Each structure stands twice: as C-alpha cells, then as structure tokens.
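# Chains, contacts and geometry: an overview
What follows is the residue order along each chain.
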Amino acid sequence: MPHPGSNTDPKPGPSGKPPYEMAGRAEAHPPIAHFADCSTWTVETEDAEANLYRTQEQRLFREYCGKLVYRATGKRPTITVRPKQPIPIPEPWDCLNAWNWGNVWSWARRKDTPPLRVEALVLDATGKEHAIGLGTMAYQYWFPMHRKLTTEIPRPARFAGFRFRNGSNTELRTIYLG
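The shown structure was predicted, so the numbers you read here are calculated from the model rather than taken from an experiment. (Residues numbered from 1 in each chain as written. Predicted model: local features only at pLDDT ≥ 70, side-chain atom pairs only at ≥ 80, totals over all residues. Heavy atoms only, no water.)

Here the focus is the overall build of the protein chain. Regarding its fold elements, the protein chain presents 0 helices and 12 strands. Beginning at the N terminus, the succession of helices and strands in the protein chain can be written as β-β-β-β-β-β-β-β-β-β-β-β. On C-alpha atoms alone, the protein chain measures out to a radius of gyration of 16 Å, which is about the 16 Å that the 2.2 N^0.38 rule sets for 178 residues. Each principal axis of the C-alpha distribution contributes one length, and for the protein chain these read about 45 × 40 × 35 Å. Counting over 178 residues, the protein chain shows a buried share of 43%. Excluding contacts between residues fewer than 6 apart, the proportion of contacts in the protein chain whose partners are at least 24 apart in sequence is 78%. Approximately 9,800 Å² of the protein chain is accessible, and the part contributed by carbon and sulfur atoms is 53%. Here the protein chain contributes 24 positively and 18 negatively charged side chains, and the mean placements of these two sets differ by 4 Å. (Helix = DSSP H or I, 4+ residues; strand = E, 2+ residues; numbered from the N terminus. Rg over C-alpha atoms; globule rule 2.2 N^0.38 Å. Buried < 20%, exposed > 50% of the residue type's maximum accessible area, 1.4 Å probe, protein only. Contact = heavy atoms within 4.5 Å. Areas by Shrake-Rupley, 256 points an atom, 1.4 Å probe, with all protein chains shown as cover. Lys, Arg positive; Asp, Glu negative; His and termini not counted. Charge placed at Lys NZ, Arg CZ, Asp CG, Glu CD.)

Listed below in structure tokens is the structure:
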C-alpha cells in the first residue's frame, strides 16, 4: 500500500552544506522533479519498509532534498518512490539524469549495506511503464546518474518515479535524493 512522503523528519540530523564544487552554481538543466516538497511523493514497498522525508542533512542545489530511510523485510526488497501525479517530460529529450547520495563506497563494500540499483520509471504515450536502469549507488557523496535512451519510448512521455532494488540490509539505512 503506497504511503505519502513527509516534510517532517522524525529523526532529523544536523543541517549540511552544499558541496564546495556546487558553491554558486546552478543546475545546467532545470529538473522536472525534485524533493524540496516530499509531501508530493509516495512510497511503495515490496519486502521492505521505507519512508521519505524532506531534509537539510545533505544539500545540493536547493535548501532541501529527499531522505529515504529503508530496510528489507523479505528476500526481494523493492522500493518505489513516485510523484503523486506523473510529470510530463518536455520534448526533446533522449537522456535521464538524477542526483543522489549513496551510503557505501564501491571499494569498501559492506555485507550489511549492499549498494542500491536504481531505475527511472517512465510512462509512454500508451500508459506502459518503462524501467530504465540508471546504475548502482556505490558512493557516499552527491553523484549524477545519467542514462542515454537506447530504445524508443512512444511520446509524449511522463516521469513516474524511481525504483530501488538490492537493499537487502535488515538494519535501517539512508540515502538522499536531489
């Protein structure tokens, strides 16, 4: 059963600052979706528990980002974060980009924190949902995931969310969404 994201974090951490590389910079392309208002998002889970909160713990281009706190409750944990309404993708487009902050480095893997695999969800003109792999979150810093489309998606298309897989940790873990 989907549940809404929240703009109130029950366990907020200290406020962070944008990375020094981003000081005084603006995004090259305005995003069609961001997490400055997490009440406009929903969270769906399968074999997992997850909650989405607005936070200032990590910051990128805005005052707030999304904080996804999650853990596995079964063998095939899947977490899907969706805008309450799919967002039209303006033409022309042939790539997907998403900023996020992971919770494990690729060179220091931990069995208790497997790196999440991320998919962007896109609805085509017929309403069919396409899951487009963006990669694996094997870092503990802001990182821009980027994927150029390799298959044609009937237009107009709408952004329908992100799906996270491989979060088999049984203790709570946190990632941040830009």
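The next point concerns the packing of aromatic side chains. A full pass over the atoms with the stated rule returns 8 aromatic pairs. Ring geometry for Phe-35 versus Trp-41: centroids 4.2 Å apart, planes at 20°, classification stacked. For Trp-41, a relative accessible area of 1% gives the class buried. Arranged with centres 6.4 Å apart and planes meeting at 70°, the rings of Trp-41 and Phe-159 form a pair that is edge-to-face. (Phe/Tyr/Trp six-rings, centres within 6.5 Å; stacked < 30°, edge-to-face > 60°.)

The tendency in soluble globular proteins is for nonpolar side chains to be buried as a group. With 33 residues, the main nonpolar core has Leu-52, Ile-79, Phe-162 and Phe-164 as its most contacted residues. In terms of residues, this core owes the most to one element, strand β8 (residues 116–123), which gives 4 residues. With 6 residues, the next largest nonpolar core counts Met-22, Cys-65, Trp-101 and Tyr-176 among its residues. (Core = buried A, V, L, I, M, F, W, Y, C linked by side-chain atoms within 4.5 Å.)

Moving on, we come to the sheet that holds strand β3 (residues 48–55). Note on sheets: strands pair through backbone hydrogen bonds, and any given pair is parallel or antiparallel. Here 5 strands make up an open sheet; going across it, the order is β3-β4-β12-β7-β10 and the pairing antiparallel. Both edges of this open sheet fall to β3 and β10 (142–148), since each of them pairs with a single strand only. The average undirected angle you get between the axes of adjacent strands in this sheet is 30°. (Pairing = 2+ DSSP bridges. Axes fitted to C-alpha atoms, helices over the stretch in contact; angles between N-to-C directions.)

Turning next to the environment of Thr-73. Here Thr-73 is to be found in the loop between β4 (65–72) and β5 (78–83). Accessibility expressed as a relative area gives 46% for Thr-73, which makes it partly exposed. C-alpha of Thr-73 to C-alpha of Arg-158: the two residues are 85 residues apart in sequence and 31 Å apart in space.

Bringing the pattern of salt bridges into the picture now. Under the criterion given, the structure shown has 15 salt bridges. In this structure, the salt-bridge partner of Arg-59 is Glu-63, at a minimum N-O distance of 3.1 Å. Classification of Glu-63 as partly exposed rests on a relative accessible area of 44%. Each of Glu-44, Arg-82, Glu-119, Glu-129, Arg-163 and Arg-165 takes part in a single network of salt bridges with overlapping partners. (Salt bridge = Lys/Arg side-chain N within 4 Å of Asp/Glu carboxyl O.)

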